[in-house]
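The residues making up each chain are set out below.
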Amino acid sequence: MKLTIYSRLRNKIESSELLVPIVYVLTQNKLFRELSYFVARRRIKEFEKKKIFGLAIENSCLCNAKCVFCPNTNMKRKKIIMGMDVFNKLVERLKEEKVTLRFVNLTGTGEPLLDKNIFKKIKILKKEFPEANLFLPTNFSLATKEVIEKLIDSGLDTITISLNADNAADYKKLMGLDFDKTVSNIENLIKIKKERNSKMVIMLTIVVNDINAENVKGFYEKWSDKVDAMAVNGVHSWGGAVKQYNSKKYWKIRYACRNLFEQIVVQANGDIVLCCLDYEGTTVGGNVMKDKVMDAFNLGKIGKIKKMHFNGEVSKIDMCRQCRFSERGMDWLV
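Cut-off values and rules
Residue indices begin from 1 for each chain and proceed along its sequence in written order. Since the coordinates come from a predicted model, pLDDT governs what is reported: local features require at least 70, and pairs of side-chain atoms require 80 or more to be given and counted, while whole-chain, interface and lining totals use all residues. Side-chain descriptors were evaluated using all non-hydrogen atoms of the structure, hydrogens and water having been removed beforehand. Should a side-chain nitrogen of Lys or Arg be within 4 Å of a carboxyl oxygen of Asp or Glu, the pair is scored as a salt bridge. Each helix is a run of H or I in the DSSP string that is no shorter than four residues. Each strand is a run of E no shorter than two, and both are numbered from the N terminus. When a residue's accessible area, from a 1.4 Å probe over protein chains only, is under 20% of the maximum for its type it is buried; when over 50% it is exposed; and in between it is partly exposed. We treat two strands as partners when DSSP finds at least two bridges between them. Only C-alpha atoms enter the line fits that serve as axes; for helices the fit covers just the stretch in contact. Angles between N-to-C directions range over 0 to 180 degrees. For this analysis, residues touch if any pair of their heavy atoms sits within 4.5 Å. An angle below 35 degrees is read as roughly parallel, one above 145 as roughly antiparallel, one from 65 to 115 as roughly perpendicular, and any other as oblique. Gly falls in the polar group here, along with every residue not listed as nonpolar (Ala, Val, Leu, Ile, Met, Phe, Trp, Tyr, Cys, Pro) or charged (Asp, Glu, Lys, Arg). Take the number of residues in a helix, subtract one, and multiply by 1.5 Å to get its expected span. Nitrogen and oxygen atoms within 3.5 Å of one another constitute a polar contact, given that in protein one can donate a hydrogen and the other can accept it, and given that sequence-neighbouring residues count only through two side-chain atoms. Stacked, tilted and edge-to-face are the three classes assigned to paired rings of Phe, Tyr and Trp, where Trp is represented by its six-membered ring and a pair needs centres within 6.5 Å; plane angles under 30 degrees give stacked, over 60 edge-to-face, the rest tilted. Whether a charge sits over a ring comes down to the Lys NZ or Arg CZ being within 6 Å of the ring centre and within 35 degrees of the ring normal.

A. A look at the pattern of salt bridges. Within this structure, the stated rule accounts for 16 salt bridges. Note that Glu149 is salt-bridged to Lys145, the shortest N-O span being 2.5 Å. Of the two residues, Glu149 and Lys145 are both situated in helix H6 (residues 145–154); the distance of 4 residues between them amounts to about one turn of the helix. Here Glu149 falls in the partly exposed class, since its relative accessible area comes to 22%. A relative accessible area of 54% means that Lys145 is categorised as exposed. When salt bridges that share partners are traced, they join Lys145, Glu149, Asp153 and Arg196 into one network.

Following this line, the structure appears as structure tokens:
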């Protein structure tokens with residue numbers, strides 16, 4: 001597996017009840033907080049100076065799954081596919097504003113393979129931002145042989161498949177999809193990738209929760225030798241929308257969120273929002289059809305919240321104080 005030391009450690013922490021208290025003791029003290037914020041503030045200034053960011057594009061907020069740890073089913077925001085007019089305008093603005101993209105995350109709160117133009121969009125991004133790492137999170141249940149071949153031909157760097165279970169019963173409870181079909185799709189992907197001698201990285205992920213917690217080891221054993229990488233994730237609260245979020249302790253010391261400063265998030269309608277977990281789009285900085293990307297990303301409502309993060313006032317923000325990304329402050333040190 002192509003995992004960094006940090007990724008391996010992170011997987012261990014996310015899947016272990018024993019390691020969480022250790023992390024809690026490590027991060028919930030003033031000395032660690034000072035170190036994390038010292039590094040965070042230096043990196044934030046570096047992001048702004050060099051204009052090097054990540055980009056999350058919500059190609060679709062429609063989804064074919066009903067994951068118990070995702071708010072999509074109850075989302076009130078209009079569910080649509082991002083049109084090519086919005087996508088092209090976004091690319092145009094990023095080029096005009098001379099923004100360098102370190103990575104592009106082709107996801108949102110929906111399933112990107114529902115977007116018939118996804119392959120075209122990937123090719124455009126690879127052409128306009130050749131240095132960016134393009135990755136596509138998906139449940140992969142819609143991946144026919146034709147879809148797999150188009151994904152490989154598109155130039156996609158990494159495909160991240162949210163499988164979340166090692167058996168059909170758990171998978172059905174968690175995602176409401178056909179386990180055997182999805183597994184068959186993954187096996188076809190592995191086969192076709194090998195036949196095409198493709199360098200595309202295949203990553204499988206599992207969100208640990210009450211349903212699958214006992215089967216994480218089996219999940220690893222089944223797939224670790226077949227794919228390029230694996231990731232273990234905890235359940236997000238999505239601003240309090242998902243009750244499965246289970247923080248064993250109340251993390252009193254909160255940290256500035258690296259994603260907030262590093263990743264520009266654009267929803268399917270073109271709105272530039274606070275972050276990837278602002279699924280209803282409650283904090284909007286602007287819209288790509290009428291506003292400059294960097295203005296929307298740095299000023300107004302978003303700018304105010306980023307300033308509070310920078311100043312260590314995360315606990316004053318309702319959505320952020322419930323978020324896993326503000327719990328530990330480790331991301332800044334990597």
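Additional details are given in the paragraphs that follow.
B. Examining the sheet that holds strand S1 (residues 52–57) more closely. Across the sheet, which stays open at both edges, the 9 strands sit in the order S6-S5-S4-S3-S2-S1-S7-S8-S9 with mixed pairing between neighbours. Each of the sheet's edge strands pairs with one partner strand only, and the pair in question is strand S6 (229–234) and strand S9 (284–287). Sheet twist, expressed as the average angle between the axes of neighbouring strands with direction ignored, equals 25°. Contacts between helix H8 (residues 179–196) and the sheet are confined to strand S4 (158–162) and strand S5 (201–208), with S5 contributing the most and set at about 155° to the helix.

C. Local environment of the packing of helix H4 (residues 84–96) against helix H5 (residues 118–128). The contact between H4 and H5 brings their axes to 12 Å, and the two run at 10°. Classified by the angle between their axes, H4 and H5 sit roughly parallel to one another. Between H4 and H5, the contacting residues are Met84, Phe87, Asn88, Val91 and Lys95 on the first element and Lys120, Lys121, Ile124, Leu125 and Glu128 on the second. Looking at side-chain class alone, the contact of H4 with H5 contains 5 nonpolar, 1 polar and 4 charged residues.

D. Spotlight on H8. Given a rise of 1.5 Å per residue, 18 residues ought to cover 26 Å, and the 26 Å separating the end C-alpha atoms of H8 matches this to within 8%. The complete set of buried residues in H8 reads Phe179, Thr182, Val183, Asn185, Ile186, Leu189, Ile192 and Lys193. Residue Asp178 occupies the N-cap position of H8, its side-chain oxygen lying 3.1 Å from the main-chain nitrogen of Asp180. Taken from the residues just after H8, Asn197 is the one with a positive phi, measuring 55°.

E. Examining the packing of aromatic side chains more closely. Taken as a whole and assessed by the stated rule, the structure comprises 8 aromatic pairs. Between the aromatic rings of Phe32 and Tyr255, the centroid separation amounts to 5.8 Å while the plane-to-plane angle is 85°, which identifies the pairing as edge-to-face. With Phe32 in helix H3 (residues 30–50) and Tyr255 in the loop between S6 and helix H10 (258–262), this pair connects stretches of sequence that are 223 residues apart. When sorted by exposure, Phe32 lands in the same class as Tyr255, which is buried. These aromatic residues form a ring-pair network of at least three members: Phe32, Tyr37 and Tyr255. Positioned above the aromatic ring of Phe129 is the side chain of Lys95, whose terminal nitrogen or guanidinium carbon lies 5.4 Å from the ring centre.

F. A look at the environment of Val104. Relative to the helices and strands, Val104 resides in strand S2 (residues 100–105). Assessed through its relative accessible area of 0%, Val104 is described here as buried. Separated by 106 residues in the primary sequence, Val104 and Asp210 place their C-alpha atoms 31 Å from one another. Ignoring any residue separated from it by four or fewer positions in sequence, one finds Val104 in contact with Leu55, Ile57, Leu125, Ala132, Asn133, Leu134 and Phe135.

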